[in-house]
Amino acid sequence: MIRNVKLEDAEGFVPLMDALGYPSSKEQIKNRLQSILPQEHYQTFVYEANDELLGMIGMTFSEAYHTDDPHVRIIAFVVRETEQGKGIGKMLMEKAGEWALTKGAKTIMLNSGNRAERKKAHEIYHSFGFEGRATGFYKRLD
């Protein structure tokens, strides 16, 4: 079942963030969720079965400078490897689209690494109707 994330889900996020390539402790995730949950422009859905988190999608709604059309950016999207191919990701993405429409978004976008191990994910994004149109640039501010 898909539902809104709760602070109590922090422990269930640990294997999901690990699968996404961002190992995190329960405390780190709890701190992040405490910051994100009160913000109205953020939304996180989880897919839960048998009291276990099998997938999640987290996103934020934004206005834009370059267009009149607001958008939703997916920040994190993952399904446990053992559960992939069962439609969980598709259901989460559809739920994200529903939320985006309620916010008035005209576009959903996401970034994904250009690493070889992301090739399968890119194929899945294409199957969901996404187009690869941009290159992301990142700069650490330490």
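Quick note: structure is the one above.
Rules of the game
Residues numbered from 1 in each chain as written. Predicted model: local features only at pLDDT ≥ 70, side-chain atom pairs only at ≥ 80, totals over all residues. Heavy atoms only, no water. Phe/Tyr/Trp six-rings, centres within 6.5 Å; stacked < 30°, edge-to-face > 60°. Lys NZ or Arg CZ within 6 Å of the ring centre and 35° of its normal. Pairing = 2+ DSSP bridges. Helix = DSSP H or I, 4+ residues; strand = E, 2+ residues; numbered from the N terminus. Axes fitted to C-alpha atoms, helices over the stretch in contact; angles between N-to-C directions. Contact = heavy atoms within 4.5 Å. Salt bridge = Lys/Arg side-chain N within 4 Å of Asp/Glu carboxyl O. Buried < 20%, exposed > 50% of the residue type's maximum accessible area, 1.4 Å probe, protein only.

(A) The arrangement of the packing of aromatic side chains in detail. Under the definition given, this model contains zero aromatic pairs. In this structure, lysine 103 is placed above the aromatic ring of phenylalanine 61, and the distance from its NZ or CZ to the ring centre is 5.7 Å.

(B) Spotlight on the sheet that holds strand β2 (residues 42–49). The strand order β1-β2-β3-β4-β5 describes an open sheet built from five strands, whose pairing is mixed. Of all the strands in the sheet, just β1 (2–4) and β5 (107–110) have a single pairing partner and so form its edges. For this sheet the average axis-to-axis angle between neighbouring strands, irrespective of direction, equals 30°. With four bridges connecting them, strand β4 (residues 71–79) and β5 associate as parallel partners. Directly across from valine 72, in β5, lies its bridge partner isoleucine 108. Where helix α3 (residues 88–103) meets the sheet, its contacts fall on β1, β2, β3 (52–62), β4 and β5, and the angle it forms with β3 comes to roughly 30°.

(C) Expanded view of the pattern of salt bridges. Applying the stated criterion across every chain, the model contains six salt bridges. Across the pair lysine 86 and glutamate 83 runs a salt bridge, and its minimum N-O distance is 3.0 Å. In this structure lysine 86 comes out as exposed when scored by relative accessible area, which is 53%. One salt bridge in this structure joins aspartate 142 and arginine 140, with 3.1 Å as the shortest N-O distance. Of the two residues examined, aspartate 142 and arginine 140, each falls in the exposed class. Taken together, the shared-partner salt bridges in this structure form one network comprising Arg3, Asp9 and Glu48.

(D) Summary view of unusual backbone geometry. Phi is positive for asparagine 50, close to 55°, though the residue is something other than glycine. Topologically, asparagine 50 is positioned in the loop between β2 and β3. For aspartate 51, which is not glycine, the phi torsion reads 60° and is therefore positive. Residue class for aspartate 51 comes out exposed when judged on its relative accessible area of 76%.

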